[in-house]
Amino acid sequence: MDTATEFGLLGPLLVRRGEVTLPVTAGKQRAVLAALLLSADRAVSLDELTEVLWGAAPPPSARVSVQNHVMRLRRALGAGARIRTHPHGYEIRLDESELDVSRFEAHLAAARAAARAGSWGTAAERARAGLALWRGEPLADVEFDLLAARAIPRLSELRLQAVETRIDADLHLGRHREVIGELRPLVGAHPLRERLHGLL
């Protein structure tokens, strides 16, 4: 497995090997890759991929089209062994460190654990490290409504939780002046979010 490849969903879709960005240009091809990455190390059925691309009314050629997109992805990524074929679909195999979503979730879990233990410096540091992985809105350039509806709300919620964890840690560290200016617009943007009100 090529551990030097980085996959990014926390912003525009990104595939990078070292300093080189690998081209995944076609819209449907990008959506197939995003769907596989969101279910990394789990088989995604042809039916699921077909629904992502065409909704409830796929064309008769949908299955062949999905197979062609996967074939082109393998070629673009040099990932023949990475994208595995299953009887009814496909699976992308990743090391946890290769996907920004996985790294972000690991940082958030560590930040929460540190906060529970009262290790506020570690909590702030790990939450910051997770938030630094974000490059914009998740899946920003993958324009497929079903995929967006499934993934974006969960990822956006986790991002807000990381912000809240980091602000809470900063407050415990006495950084009130630094966070007050950040909290006011956050409360305005999320008026029903009780934890932000409590932190403010």
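For the structure, see preceding data.
Residues numbered from 1 in each chain as written. Predicted model: local features only at pLDDT ≥ 70, side-chain atom pairs only at ≥ 80, totals over all residues. Heavy atoms only, no water.

J.: Mind showing me how you'd approach the pairing of strand β2 (residues 14–17) here?
T.: A regular strand carries its side chains on alternate faces of the sheet. Relative to β2, strand β1 (residues 5–8) runs antiparallel, the two being bridged by four bridges. Residue pairing across strands places Gly 8 opposite Leu 14, the latter belonging to β2. Between β1 and β2, which pair antiparallel and follow one another directly, the connecting turn spans five residues, one of which, Gly 11, has a positive phi of 140°. Sheet topology note: the β2/strand β3 (residues 20–21) ladder contains two bridges and is antiparallel. Its bridge partner being in β3, Arg 17 is matched across the sheet by Val 20. The loop that links β2 with its antiparallel partner β3 comprises two residues; one of these, Gly 18, has a positive phi angle of about 65°. (Pairing = 2+ DSSP bridges. Helix = DSSP H or I, 4+ residues; strand = E, 2+ residues; numbered from the N terminus.)

J.: What am I meant to see in the sheet that holds strand β4 (residues 44–45) here?
T.: Adjacent strands of a sheet form backbone hydrogen bonds with each other and so pair up, either parallel or antiparallel. Strand order across the open sheet formed by three strands is β4-β6-β5, with antiparallel pairing between neighbours. Only two strands of the sheet have a single partner each, and these edge strands are β4 and β5 (83–86). Bridging between β5 and strand β6 (residues 89–92) involves four bridges; their strand directions are antiparallel. Residue pairing for β6: His 86 is matched across the bridge by Gly 89. On top of the sheet, helix α1 (residues 27–38) reaches β4, β5 and β6; it is set at about 70° to β6, its chief contact. (Contact = heavy atoms within 4.5 Å. Axes fitted to C-alpha atoms, helices over the stretch in contact; angles between N-to-C directions.)

J.: Would you mind showing me how to read the environment of Asp 145 here?
T.: Within the secondary structure, Asp 145 sits in helix α6 (residues 145–172). Since its relative accessible area comes to 69%, Asp 145 is described here as exposed. Separated by 93 residues in the primary sequence, Asp 145 and Val 52 place their C-alpha atoms 8.0 Å from one another. (Buried < 20%, exposed > 50% of the residue type's maximum accessible area, 1.4 Å probe, protein only.)

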